[in-house]
Amino acid sequence: MLEFNFDPFPLLQTSRLILRQMEIADAHNMYIMRSDDRVMQYLDRPKATSAAEMESKIISIADDIDKGNCIQWTICRPHDNQLIGNICIWNIDKQHHRGELGYMMRQEYHMQGYMMEALEKVIDYGFNIMNLHSIEGHVTPKNIPSIKVLERHGFVREAYFKENYLWNGKFIDTAVYSLLNK
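Residues numbered from 1 in each chain as written. Predicted model: local features only at pLDDT ≥ 70, side-chain atom pairs only at ≥ 80, totals over all residues. Heavy atoms only, no water.

*Asks:* It is not clear to me how the pairing of strand β7 (residues 156–167) should be interpreted in this structure. Could you clarify?
*Replies:* Where a strand is regular, its side chains alternate between the two sheet faces. Examined bridge by bridge, β7 and strand β8 (residues 170–180) share 8 bridges and lie antiparallel to one another. Bridge assignment links Ala159 to a residue of β8, and that residue is Val176. Joining the antiparallel neighbours β7 and β8 is a turn of 2 residues, in which Asn168 adopts a positive phi near 55°. (Pairing = 2+ DSSP bridges. Helix = DSSP H or I, 4+ residues; strand = E, 2+ residues; numbered from the N terminus.)

Quick look at the structure:
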């Protein structure tokens, strides 16, 4: 069974990004991201209502990281170190060496290749440092940009669940994509 200790927190870098530990100072930018209708349109969680709410969320995430239940990075550009998105491996099945990706990006940074870079680093970390055997992504089938990001990294659709959960009074479909460690 896998066990994780993310202390010290793993700093990851790409040619244009730094993936670092989330800080309370990120709460305002996280609020901007998680209160944007366009960013939240495919996610099954309520929009953020305040930066204070995001401060509490950041503390909760830090607690889960300390327990080895997930790992989440703030995505930022080196020149300003400001949150432009976040990415995580969560919902980890330690017995079966499987984890799930989660990611989001502020609207003004969409379609610039940032998530492609971040995802490549996180997949590498998941397979080569965490020793995961497989990584999956659960997406709403209408979220074509997210599906394209996964497919460009070699993820394959494993399942399609029709109306498998209820969110805001509607039954929602889920497509499950997976990538195996080669």
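*Asks:* What am I meant to see in helix α1 (residues 27–34) here?
*Replies:* For an α-helix, the turn length of 3.6 residues means that residues three or four places apart are oriented alike. What α1 keeps buried is the set Ala27, Asn29, Met30, Met33 and Arg34. For α1, the angular spread of buried residues about the axis comes to 165°, placing them on one side. Contacts made by the buried residues of α1 are with α2 (37–40), α3 (51–66), β4 (83–93) and β5 (98–105). (Buried < 20%, exposed > 50% of the residue type's maximum accessible area, 1.4 Å probe, protein only. Arc of directions from axis to C-beta. Contact = heavy atoms within 4.5 Å.)

*Asks:* Just to check I follow, could you spell out the pattern of salt bridges for this structure?
*Replies:* Any two side chains of opposite charge can pair, on the condition that their charged atoms come close. Following the criterion strictly, the structure yields 11 salt bridges and no others. For Lys47, the salt bridge goes to Asp37, with nearest N and O atoms at 2.5 Å. Remark: Asp37 occurs in helix α2 and Lys47 occurs in the loop between α2 and α3; sequence separation between them is 10 residues. The residue Asp63 makes a salt bridge to Lys67 at a minimum N-O spacing of 3.1 Å. (Salt bridge = Lys/Arg side-chain N within 4 Å of Asp/Glu carboxyl O.)

*Asks:* Could you clarify how one ought to interpret the pairing of β4 in this entry?
*Replies:* Burial analysis of β4 places 8 of its 11 residues in the buried class, which makes it a mostly covered element. As paired strands, strand β3 (residues 71–76) and β4 are joined by 6 bridges and run antiparallel to one another. By the bridge assignment for β4, Ile75 is matched with Gly85. Counting the residues in the hairpin turn of β3 and β4 gives 6 residues, including Asn81, whose phi is positive at 60°. Direction of pairing for β4 relative to β5: antiparallel, over a ladder of 7 bridges. Its bridge partner lying in β5, Gly85 is registered against Met105.

*Asks:* What should I look at first to understand the environment of Cys88 in this one?
*Replies:* Relative to the assigned elements, Cys88 resides in strand β4. Look at Cys88 and you get buried, because its relative accessible area is 9%. Measuring from C-alpha to C-alpha, the distance between Cys88 and Gln72 comes to 4.0 Å, with 16 residues separating the pair along the chain. In contact with Cys88, other than residues within four places in its own chain, are Ile71, Gln72, Glu100, Leu101 and Gly102.

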